[in-house]
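# Survey of secondary and tertiary structure
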Amino acid sequence: MITNEHVTKVYKMGEVDLTVIKDLNLSIGHGEFVAIVGPSGSGKSTVLNLLGCLDKPTEGKIVIDETDVTQLDTTALANFRGENIGFIFQSFNLIPVLSVYENIEYPLIMIQNLPQEERHERIMKLLDDVDMLDQKDKFPDQLSGGQRQRVAIARALVTNPKIVFADEPTANLDTKTSNQIITLMRNIQQEFNTTFIFATHDEKIVTEADRIITIVDGVITDDKRIAS
Ligand code: ADP
Ligand code: MG
């Protein structure tokens with residue numbers, strides 16, 4: 001469902017061109033639970049941002065469910081992202097002035113044709129799924145790290161995305177909380193066949209993954225599928 005061909009990303013650093021991703025060729029199917037691993041600075045976040053349509057490649061083609069996203073203009077790309085993709089970040093990135101409920105509701109602003117009642121039901125179901133129903137009126141600074149990440153997961157899922165990208169989602173969490181968050185994402189993947197693509201150092205995520213892709217210096221050096 002996601003394929004990319006000859007994807008290259010070059011950052012211009014003043015006079016110098018820094019090639020961060022080199023000729024990436026990758027195909028990821030529906031419902032895969034994929035861990036992208038590799039040393040810090042190897043290009044994991046860049047790959048997530050490219051595949052997640054937050055950034056555009058310098059060269060190459062990225063196709064997501066028959067849409068060549070590299071051909072879309074900025075507005076069309078934002079719409080495509082809003083309808084198909086969810087993002088979870090290491091630092092949670094919740095909006096501090098919005099309540100838990102409002103943070104989860106936020107991505108739905110992009111979706112015009114969803115009746116109010118259905119919005120509400122969807123948010124309440126997700127609050128329940130991530131076990132945050134009783135915290136719905138609190139604000140991010142009143143929550144623990146694990147609670148914030150659970151809100152961020154609900155926010156990533158509220159649009160029913162086909163693909164969720166998670167960039168080091170457990171890096172700021174203790175082991176027990178990390179394990180709960182990973183179990184939660186695994187359950188969601190199994191229930192909805194959502195594709196999860198992680199950039200991670202977390203051994204627990206790597207152990208849970210169906211597939212482990214290793215990137216070193218912007219090049220895939222290993223891609224192995226784990227028999228379940
Ligand atoms: P990882 O997530 O594996 O730690 P990144 O994808 O964040 O790696 O970064 C890969 C390389 O690209 C690093 O050398 C980093 O310094 C560089 N880089 C990332 N973002 C930018 C940017 N916006 N401008 C210039 N260089 C960048
Ligand atoms: Mg990174």
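Going by the structure above, here's the rest.
Everything in this summary refers to the structure shown in the same document. (Residues numbered from 1 in each chain as written. Chains lettered and ligands numbered in written order. Predicted model: local features only at pLDDT ≥ 70, side-chain atom pairs only at ≥ 80, totals over all residues. Heavy atoms only, no water.)

Contacts to ligand 1 come from Y11, M13, V20, P39, S40, G41, S42, G43, K44, S45 and T46. S42 places a main-chain nitrogen or oxygen 3.2 Å from an oxygen atom of ligand 1. The contact in question runs from an oxygen atom of ligand 1 to an N or O atom on the side chain of S45, over 2.9 Å. Per-element tally for the shell around ligand 1: the top contributor is helix 1 (residues 44-51), with 3 residues. Its residues assigned to classes, the shell around ligand 1 comprises 4 nonpolar, 6 polar and 1 charged. (Near = heavy atom within 4 Å. Polar contact = N/O pair within 3.5 Å; in protein donor to acceptor, adjacent residues only side chain to side chain. Helix = DSSP H or I, 4+ residues; strand = E, 2+ residues; numbered from the N terminus. Nonpolar A, V, L, I, M, F, W, Y, C, P; charged D, E, K, R; others polar.)

On to a nonpolar patch on the surface. Residues Y11, M13, V16 and L18 make up a contiguous nonpolar surface patch of about 370 Å² in total accessible area. Looking at the nonpolar patch, the elements that each hand over two or more residues are strand 1 (2-13) and strand 2 (16-28). Inspection of the secondary structure puts Y11 in strand 1. With a relative accessible area of 31%, Y11 lands in the partly exposed category. (Patch = residues over 30% accessible without salt bridge, like charges linked within 9 Å, V, L, I, M, F, W, Y side chains within 5 Å. Areas by Shrake-Rupley, 256 points an atom, 1.4 Å probe, with all protein chains shown as cover. Salt bridge = Lys/Arg side-chain N within 4 Å of Asp/Glu carboxyl O. Buried < 20%, exposed > 50% of the residue type's maximum accessible area, 1.4 Å probe, protein only.)

Moving on: the pattern of salt bridges. A complete count under the given rule lists 12 salt bridges for this structure. K9 is paired through a salt bridge with D55; the nearest N and O atoms lie 3.2 Å apart. Residue K9 is located in strand 1, and its partner D55 is located in the loop between helix 1 and strand 4 (59-64); the two are separated by 46 residues in the primary sequence. Residue classification places K9 among the buried positions, given a relative accessible area of 9%.

To continue, consider the packing of helix 5 (residues 145-157) against helix 6 (residues 175-192). Contact geometry of helix 5 with helix 6 gives a least axis separation of 10 Å together with a crossing angle of 15°. When the axes of helix 5 and helix 6 are compared, the pair comes out roughly parallel. Taken as a pair, helix 5 and helix 6 cross one another with a handedness that is right-handed. Of the residues in helix 6, those touching helix 5 at G146, Q149, R150, I153 and L157 are T177, I181, L184, M185 and I188. (Axes fitted to C-alpha atoms, helices over the stretch in contact; angles between N-to-C directions. Parallel < 35°, antiparallel > 145°, perpendicular 65-115°, else oblique. Left-handed = near helix turned anticlockwise from the far one by under 90°. Contact = heavy atoms within 4.5 Å.)

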